[in-house]
Amino acid sequence: MPTLTRRAFLLASFGGLMAGIPKRRATIQTINGPISAQQLGKSLVHEHFLVDFIGADKISFDRWNPAEVAELVLPYLSEAKKAGVKSIFDCTPAFLGRDMRLLQLLAKESGLQIITNTGYYGARENKFLPPWAFTETAAQLAQRWINEFEKGLDNTTVRPGFIKIGVDANEALSETHRKLVQAAALTHLATGLTIFSHTGPGHTAFEEIEILQAAGVKPDAFVWVHAQGEKDKNLHIRAAKQGAWVSLDGIGWGDFDNYADAIAGLKAAGLLQRVLISHDAGWYKPQESNNNFQGYTNIFKELFPRLKQKGFSEKDFDQLLVKNPATAMAIQVRKL
């Protein structure tokens, strides 16, 4: 296990000590400051407003105009708000288009609560990793992310509300991607931020869970992002029983019957309380003429009618979009 810096060690130790103290009111960190978990409301936990796939070596904030992006995005946010959405988690990581200027503008103009992230995205063969991600230790990377939580992102006062990493779904994780998971574990122990990991197949998710457990982190600090990529729905149940969050989050792009079946299977197993759903939708593409934006309402228009036919109630929908996000995203050290 990588060695923590003294500051990170103290923070992680403090988190462990806090585990024995009666819980304070759970909080969520939005871009405009902390709120209570009860204020989160109906939430979409995995969406995008802008994504730039040019690569970490070429990306820069002058590749887009935040006002131009907002003009495209705001009508879709208005539509989501009319459906009852109160909060959106922007899962665009650093070096892929995470932009505090844009997020602040969208939050102001839409009236929605927006939550952003810290962490690095190693999927797609490391195209979006900065050079130091290959040379620094897990502890050094964690310290960067802890600093963003303490001091703010990109020279602003905006603090992240969760950790976003990404790994490739190979037969086994590469050393670089194992290091990203280890860094996320150290950051969680020091900050209490929940870990979102772009994952896909089940074997990768379980390898990540093992790494987190070896670092002393409970599986319920881990969100298995893109769990719909695993076709064996029994693995969804296995992960949820371990305490991990099973995130079925590509609902913006169709396959609604498959999503409904997966969610119904988890409910039948008594595990609806471990499920997160979202669209993974959007998004503005810098310097592309055809943005083909996908909105944030398929859950309400396509998924929920199918789930109603399977006997789901409004209480179940409240569990999926209100209770589960508030529980999953509350800032709390989840230590073994």
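Time to look at the sheet that holds strand β6 (residues 117-118). Read from one edge of the open sheet, 6 strands run β6-β7-β8-β9-β10-β11, paired in parallel fashion. The two strands at the open ends of the sheet, each matched to only one other strand, are β6 and β11 (275-277). Looking at chain direction, strand β10 (residues 245-248) and β11 are connected through 3 bridges and run parallel. Opposite Ser-247, over in β11, you have Leu-276 as the bridge partner. The strands touched by helix α9 (residues 256-268) within the sheet are β10 and β11, with β10 carrying the most contacts at an inclination of about 160 degrees.

What follows is about helix α6 (residues 175-191). With 17 residues, α6 should cover 24 Å at 1.5 Å per step; its first-to-last C-alpha distance of 24 Å lies within 8% of that length. Most of α6 is tucked away, with 15 of its 17 residues classed as buried. Remark: Gly-192 follows α6 within two positions and exhibits a positive phi of approximately 85 degrees.

Let's shift gears to the confidence of the model for the chain. Averaged over every residue, the pLDDT of the chain is 94; the share at 70 or more is 93%. Within the model, the stretch residues 14-22 combines pLDDT values under 50 with 4 contacts to residues more than four positions away or in other chains.

Quick look at the pairing of strand β1 (residues 27-30) now. Pairing of β1 with strand β2 (residues 33-36) involves 4 bridges; the strand directions are antiparallel. Paired with Thr-27 across the two strands is Ser-36, which belongs to β2. The hairpin formed by β1 and β2 contains 2 residues between the paired strands.

Scoring rules and cut-offs
Residues numbered from 1 in each chain as written. Predicted model: local features only at pLDDT ≥ 70, side-chain atom pairs only at ≥ 80, totals over all residues. Heavy atoms only, no water. Pairing = 2+ DSSP bridges. Helix = DSSP H or I, 4+ residues; strand = E, 2+ residues; numbered from the N terminus. Contact = heavy atoms within 4.5 Å. Axes fitted to C-alpha atoms, helices over the stretch in contact; angles between N-to-C directions. Expected span 1.5 Å × (residues − 1). Buried < 20%, exposed > 50% of the residue type's maximum accessible area, 1.4 Å probe, protein only. pLDDT = per-residue confidence, 0-100.

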